[in-house]
Amino acid sequence: IDLGPANENGTRREMKDKADYTKDEQRPLTILDSTKVPDNQLDRIVDRTIRVTRLIQAKYGSLDSFTKELGNRVKCDKYGNVSSAELKTYFIDACQDSLKKREISRKDIEGFLSSLTYNKYKMTDVKSLPGYVFSDDVQISKKIYTNQRPMPPPSSIADNFMKEAEESKAVVSEDRLREIVQQIKFKSFADKKYMYKIFKEYDKDFDGYLSYNDIRDQLKRMQISVTEPEVKRFVELVDPKKQGYIDFRTFSTVFSPTMAEALVPVRPGSAKFDYHNDRVNLVPNSQKVKENIEFHKTFTTRFNQIKQGFLPDANMRSHPRPSTRFGATPEHSDTFVHFRDSHTDNRFLAAGELNAKVAFQKDEKLAKEAKYVAKLSRIQEHQKTIANGIKEKDLQKKIDGQKQVQNSIAKLQAYEDRTHTV
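Residues numbered from 1 in each chain as written. Predicted model: local features only at pLDDT ≥ 70, side-chain atom pairs only at ≥ 80, totals over all residues. Heavy atoms only, no water.

The next thing to look at is the overall build of the protein chain. Regarding its fold elements, the protein chain presents 17 helices and four strands. Taking all 422 residues of the protein chain together, 29% fall into the buried category. Here the analysis covers contacts within the protein chain between residues at least 6 apart in sequence; of these, 69% occur between residues at least 24 apart. A total of about 29900 Å² of accessible surface is found on the protein chain, and carbon and sulfur atoms cover 54% of it. (Helix = DSSP H or I, 4+ residues; strand = E, 2+ residues; numbered from the N terminus. Buried < 20%, exposed > 50% of the residue type's maximum accessible area, 1.4 Å probe, protein only. Contact = heavy atoms within 4.5 Å. Areas by Shrake-Rupley, 256 points an atom, 1.4 Å probe, with all protein chains shown as cover.)

Printed below as a string of structure tokens:
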């Protein structure tokens, strides 16, 4: 038996598989957003995910062993976030033997990684990954076809933000902090809005969480001038648990029309009136007190001058004048005694002007009536034309029907004549 050609074909096939594997290995993995792909591509993601999960289940055997291996190989932050790049490296190493045997392809790993839910920082939840891998096909399909909430921002974002704010070492007073909170309150609740709509104004990336950067960017959009230490102090107020982010539940609890009094309460013994914001001011302002005294002095003088005009004349003891606007001293300019008619008023037109205006109004009324009568006559003529056309059509139909009856009778008579002749 000659096995030369078979061995040669087998060698060529092995060389081709090796070349395809090398080419596929050099191609970078591309992770798609499963919430934005079309349905046919989503079906392929489901099939590839099931293929990879079955392989992982057969390799590790149990959920505990896979969870232990994943915890030792993958690094995550304190929220359980893990980057997509680290997952790529881990699953390529875990499926290396299956890739060489062509049991699965790199596209299958791409589909599996695309089935996971990522936030805008390309991170996903590593704690739910073992349960997802060791679930059945129906649960995997249901999870992929259902939109899942992404993970919160990574802890490194909040840590970097706090580090940058602490480097400046600037001290923010309570007075300045209260002023910032008041500006935020006034500009956030200026219009009657739903709380969820206000939350969406802060959450411009639409991930369902407010990071410290989101709050800082929103303060800039509201044109509130703040420094990094001031933003840090405000963030510490609205995020007392130091989670590094704010969800809608915390936002709806902290942000309210009374947030200034709740976040920065007034200490006993401070001033009780703020002339700028109608709120409590911690620092007494002597200049404002002086301005208030001068205003009251001027007000008293003006009030006495107005009041003097309504009092009776002291020299007219025998005939005192009543303290009304029509008997005041001096007399007011807007009474009936000083009334002057206006020459431009229609009530005081000359006889010729009044007659000309009345004649113009009559001509305009007659023109409108003539226009209406002409329009009505056109409509009536059009309706008569339509009625005559309908009558003519009915008469023509009647004549045509009679002709058809006569033709039928003639044909029947001719048929009977031929029959009797035969």
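Here we take up the nonpolar core. If you look at the biggest cluster of nonpolar residues, it comprises 33 residues, and the most contacted ones within it are Phe91, Ile109, Leu113 and Leu129. Those elements that place two or more of their residues in this core are α2 (39-60), α3 (63-73), α4 (84-94), α6 (106-114), α7 (129-133) and α8 (137-145). If one sorts the elements of this core by residue count, α2 sits on top with eight residues. Sequence-distant contacts of Leu113, that is, excluding residues within four places in its chain, are made with Leu29, Ile31, Leu87, Lys88, Phe91 and Tyr118. With 26 residues, the next largest nonpolar core counts Ile198, Tyr202, Met222 and Val238 among its residues. (Core = buried A, V, L, I, M, F, W, Y, C linked by side-chain atoms within 4.5 Å.)

This paragraph deals with the pattern of salt bridges. Between side chains of opposite charge, pairing is possible as soon as their charged atoms come close. Tallied over the full model, the rule gives eight salt bridges. Across the pair Glu69 and Arg73 runs a salt bridge, and its minimum N-O distance is 3.3 Å. Taken as a pair, Glu69 and Arg73 lie in helix α3 at a separation of four residues, close to a single helical turn. A salt bridge links Glu230 to Arg176, with the nearest nitrogen and oxygen atoms 3.0 Å apart. Placement of Glu230 in helix α13 (residues 228-238) and of Arg176 in helix α10 (residues 174-188) is noted, with a sequence separation of 54 residues between them. (Salt bridge = Lys/Arg side-chain N within 4 Å of Asp/Glu carboxyl O.)

This next bit is on the packing of aromatic side chains. In total, this model carries 14 aromatic pairs according to the counting rule given. Centre to centre, the rings of Phe199 and Phe248 are 5.4 Å apart; their planes meet at 80°, and the pair counts as edge-to-face. Taken as a pair, Phe199 in helix α11 (residues 195-202) and Phe248 in helix α14 (residues 248-254) lie far apart in primary sequence, 49 residues in all. For Phe248, a relative accessible area of 31% corresponds to the partly exposed category. (Phe/Tyr/Trp six-rings, centres within 6.5 Å; stacked < 30°, edge-to-face > 60°.)

Taken residue by residue, the protein chain gives an average pLDDT of 78. The fraction at 70 or more is 75%. Confidence drops under pLDDT 50 across residues 318-323; counting only partners more than four residues distant or on other chains, this segment forms nine contacts. (pLDDT = per-residue confidence, 0-100.)

A few words now on the environment of Leu116. Residue position: Leu116 is located in the loop between α6 and β2 (123-125). Separated by 16 residues in sequence, Leu116 and Tyr132 place their C-alpha atoms 9.4 Å apart. For Leu116, the contacting residues outside a window of four places in its chain are Ser34, Leu87, Thr124, Leu129 and Tyr132.

Looking only at α11, the buried set comprises Ile198, Phe199 and Tyr202. Buried residues of α11, seen end-on, are gathered within an arc of 100° and therefore sit on one face of the element. Buried residues belonging to α11 abut α10, β3 (210-211), α12 (212-221), β4 (245-246) and α14. (Arc of directions from axis to C-beta.)

Now for a nonpolar patch on the surface. Together, Phe295, Phe299 and Phe303 give the surface a local cluster of nonpolar side chains, amounting to about 350 Å² of exposed area. Note on placement: Phe303 falls in helix α16 (residues 286-308). The exposure class of Phe303 is partly exposed, given its relative accessible area of 47%. (Patch = residues over 30% accessible without salt bridge, like charges linked within 9 Å, V, L, I, M, F, W, Y side chains within 5 Å.)

Here the focus is the packing of α4 against α6. At a minimum axis distance of 11 Å, the contact between α4 and α6 shows a crossing angle of 135°. Put simply, α4 runs oblique to α6. Both α4 and α6 take part in a crossing whose hand is right-handed. Counting all contacts with α4, which are made through Leu87, Lys88, Phe91 and Ile92, the residues of α6 involved are Arg106, Ile109, Phe112 and Leu113. (Axes fitted to C-alpha atoms, helices over the stretch in contact; angles between N-to-C directions. Parallel < 35°, antiparallel > 145°, perpendicular 65-115°, else oblique. Left-handed = near helix turned anticlockwise from the far one by under 90°.)

This part is about the environment of Tyr121. Along the chain, Tyr121 turns up in the loop between α6 and β2. Separated by 31 residues in sequence, Tyr121 and Pro152 place their C-alpha atoms 9.4 Å apart.

Among the structural elements, Asn81 can be located in strand β1 (residues 81-83). With residues up to four places along the chain from it excluded, the contact list for Asn81 reads Lys75, Cys76, Asn119, Met123, Thr124, Met151, Pro152, Pro153 and Pro154.

Attention now goes to the side chain of Ser135. Mapped onto the fold, Ser135 is located in the loop between α7 and α8. For Ser135, the side chain forms a polar contact with the main-chain oxygen of Tyr132, separated by 2.7 Å. Discounting chain neighbours no more than four positions away, the residues touching Ser135 are Gln57 and Ile140. (Polar contact = N/O pair within 3.5 Å; in protein donor to acceptor, adjacent residues only side chain to side chain.)

One non-glycine residue, Arg102, adopts positive backbone phi at about 65°. Secondary-structure assignment places Arg102 in the loop between α5 (96-100) and α6. Phi at Gln223 takes a positive value of approximately 60°, unusual for a residue other than glycine. Classification of Gln223 by relative accessible area gives exposed; the value is 69%.

Running from N to C, α2 and α6 point in directions that differ by 105°, and their axes come no closer than 7 Å. Here α2 lies roughly perpendicular to α6, going by the angle between them. Across the interface between the two elements, Ile45, Arg48, Thr49, Arg51, Val52 and Thr53 from α2 touch Lys107, Asp108, Ile109, Gly111, Phe112 and Ser114 from α6. Each residue belonging to the contact of α2 with α6 can be placed in one class, and the counts come to four nonpolar, four polar and four charged. (Nonpolar A, V, L, I, M, F, W, Y, C, P; charged D, E, K, R; others polar.)

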